[in-house]
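Working through the structure, step by step
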Amino acid sequence: MLVLVLDSSTPAVTAALAEVTADTVALRGERSVVDARAHGELLAPQVSEVLAEAGARPADLTAVVAGVGPGPFTGLRVGLVTAASMGQVLGIPTYGVPSLDAIGHAATHPRSGAVPEVGPVLAATDARRREIYWAVYDLAGERLAGPEVDTPAAVAERARDLGVRVAVGEGARRYADILGLPPRAGLDYPPPYALAELAAERVRAGAPGDPLTPLYLRRPDAVAAAGRKPVLQ
């Protein structure tokens, strides 16, 4: 079963093609470019590239998996709208996976012979405004706390209470001095293989698709005007 994997919850714009079998998940193609200002321009071409690399067509897809955040409004919408549109047009299910869960899963279920982290593990991405999106995971990759958005200082206190030993994600690296936790290199953004693995059981079972509800965690900066201002005073 071929599954398209998309994530635009962070500055990394990611598209990948995963093959899900009865007991494995293997990537057949992957594109990821870090550019916080070009989600809309990059994602569609990346989808075409990973399909071409595998010699596959959109009609060959069984499902679409998308990271649902948390993430900033504009970037996150790009991936979710793309996933929902493709699912609707192709008549295939779409499955959402929290993007922080993918980072936590990759830290506790590493590939390529890497040594798994000693838990609990803090996964954190940059939320801007000097804040981070965060969640904490045990050694099995199960979420113990979060997802939430807080200042690094507030997260550092929560992490100490939960006995966190190491941190992963771009937010963990950016604010390592405040968090007081050693950041693991090479795991700044949600890996597509982890997103695919977290959705694999639903894919295998042919489960009904998800509505792909985004995890924004904060209100938008732009709000509707409260009322009209008089032209003449």
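Quick summary incoming for the structure in this document. (Residues numbered from 1 in each chain as written. Predicted model: local features only at pLDDT ≥ 70, side-chain atom pairs only at ≥ 80, totals over all residues. Heavy atoms only, no water.)

**So, the sheet that holds strand 5 (residues 94–97)**
Spelled out, the test is: At least two DSSP bridges between two strands are needed for those strands to be called paired. Secondary structure elements follow DSSP: runs of H or I no shorter than four residues count as helices, runs of E no shorter than two count as strands, and numbering proceeds from the N terminus. Orientation is described by axes fitted as lines to C-alpha atoms, over the contacting stretch for helices, and by angles from 0 to 180 degrees between their N-to-C directions.
Spatial ordering of the open sheet is given by 3-2-1-4-5, a layout of five strands whose pairing is mixed. What marks the edges here is a single partner per strand, and that holds for strand 3 (25–34) and strand 5. Neighbour-to-neighbour, the strand axes of this sheet turn through a mean angle of 20 degrees, independent of strand direction. Relative to strand 2 (residues 12–20), strand 1 (residues 2–7) is paired through six bridges, and the arrangement is antiparallel. If you follow V3 over to strand 2, its bridge partner there is A18.

**Notes on the pairing of strand 6 (residues 121–128)**
Note the threshold: The classification of residues rests on relative accessible area computed with a 1.4 Å probe and restricted to protein chains. Under 20% of the type maximum is buried, over 50% is exposed, and intermediate values are partly exposed.
For strand 6, the buried fraction is high: seven of the eight residues fall into the buried class. By the bridge criterion, seven bridges tie strand 6 to strand 7 (residues 131–137) in an arrangement that is antiparallel. Its bridge partner lying in strand 7, R128 is registered against E131. With antiparallel pairing between neighbouring strands as the criterion, strand 6 and strand 7 make up a hairpin whose turn holds two residues, including R129 at a positive phi of roughly 55 degrees. In the sheet, strand 6 pairs with strand 9 (residues 166–168) via three bridges, with the strands oriented parallel. Directly across from V121, in strand 9, lies its bridge partner V166.

**So, the pattern of salt bridges**
As a reminder of what qualifies: Just to be clear on terms, a salt bridge is a Lys or Arg side-chain nitrogen sitting within 4 Å of an Asp or Glu carboxyl oxygen.
For the structure on display, the rule yields 11 salt bridges. For R158, the salt bridge identified is with E148, shortest N-O distance 3.7 Å. With R158 in helix 4 (residues 152–161) and E148 in strand 8 (residues 143–150), this residue pair connects regions lying 10 residues apart in the sequence. Taking the relative accessible area as the measure of exposure, R158 reaches 32% and is therefore partly exposed. Judged by relative accessible area, E148 falls into the partly exposed class, the value being 30%.

**Let's talk about the pairing of strand 8**
By the bridge criterion, five bridges tie strand 7 to strand 8 in an arrangement that is antiparallel. Residue pairing across strands places I132 opposite D150, the latter belonging to strand 8.

**Here we look at the sheet that holds strand 8**
The mixed open sheet is built from four strands, whose spatial order is 8-7-6-9. At either end of the open sheet lies a strand with only one pairing partner, and these are strand 8 and strand 9. Pairwise comparison of adjacent strand axes, ignoring direction, gives a mean angle of 20 degrees for this sheet.

**Some thoughts on the packing of aromatic side chains**
How we decide: Aromatic contacts are taken between Phe, Tyr and Trp rings whose centres are within 6.5 Å, Trp giving its six-membered ring; a plane angle under 30 degrees counts as stacked, one over 60 as edge-to-face, and the others as tilted.
Applying the stated criterion across every chain, the model contains one aromatic pair. Ring centres of F73 and Y216 lie 4.2 Å apart, and the angle between their planes is 20 degrees; this geometry places the pair in the stacked category. Of this pair, F73 sits in helix 2 (residues 73–90) while Y216 sits in the segment after helix 7 (192–205), and the two are 143 residues apart along the sequence. With respect to burial, F73 and Y216 carry one shared label: buried.

**Quick notes on the packing of helix 1 (residues 39–53) against helix 2**
Put simply, the rule reads: A clockwise turn of the near helix away from the far one marks a right-handed crossing, whereas an anticlockwise turn of less than a right angle marks a left-handed crossing. Whether two residues are in contact is decided by their heavy atoms: any pair within 4.5 Å suffices. Throughout this entry, Asp, Glu, Lys and Arg are counted as charged residues, while Ala, Val, Leu, Ile, Met, Phe, Trp, Tyr, Cys and Pro are counted as nonpolar. The remaining residues, Gly among them, count as polar.
Where helix 1 meets helix 2, the closest approach of the two axes is 9 Å, and the angle between their N-to-C directions is 35 degrees. Along this stretch, helix 1 crosses helix 2, giving a crossing that reads as right-handed. Across the interface between the two elements, H39, G40, L43 and V47 from helix 1 touch G75, V78, G79, T82 and M86 from helix 2. Here the residues of the contact of helix 1 with helix 2 are counted per class, giving four nonpolar, five polar and no charged.

**Points about the nonpolar core**
Our working rule: Here the nonpolar core consists of buried residues drawn from Ala, Val, Leu, Ile, Met, Phe, Trp, Tyr and Cys, with membership extended through side-chain atoms lying within 4.5 Å.
One finds V3, V5, V65, Y95, L100 and V168 to be the most contacted residues of the largest nonpolar core, which totals 33 residues. The biggest single contributor to this core is helix 7, with seven residues. Counting residues in hydrophobic clusters, the runner-up holds 24 residues, among them L17, V47, A66 and L212.

**A closer look at helix 1**
Residues spaced three or four apart along an α-helix point in a common direction, a consequence of the helix completing one turn every 3.6 residues. We count it as follows: For a helix, the expected span equals 1.5 Å multiplied by the number of residues minus one.
The end-to-end C-alpha separation of helix 1 is 21 Å, in line with the 21 Å expected for 15 residues at 1.5 Å each. Looking at the buried residues of helix 1, the elements they touch are strand 1, strand 2, strand 3, strand 4 (61–67) and helix 2. At the C-terminal side of helix 1, G55 shows a positive phi close to 65 degrees.

**Some thoughts on helix 3 (residues 99–108)**
For helix 3, the tally of buried residues reaches 10 of 10 residues, placing the bulk of the element in the interior. Within the sequence span of helix 3, burial applies to S99, L100, D101, A102, I103, G104, H105, A106, A107 and T108.

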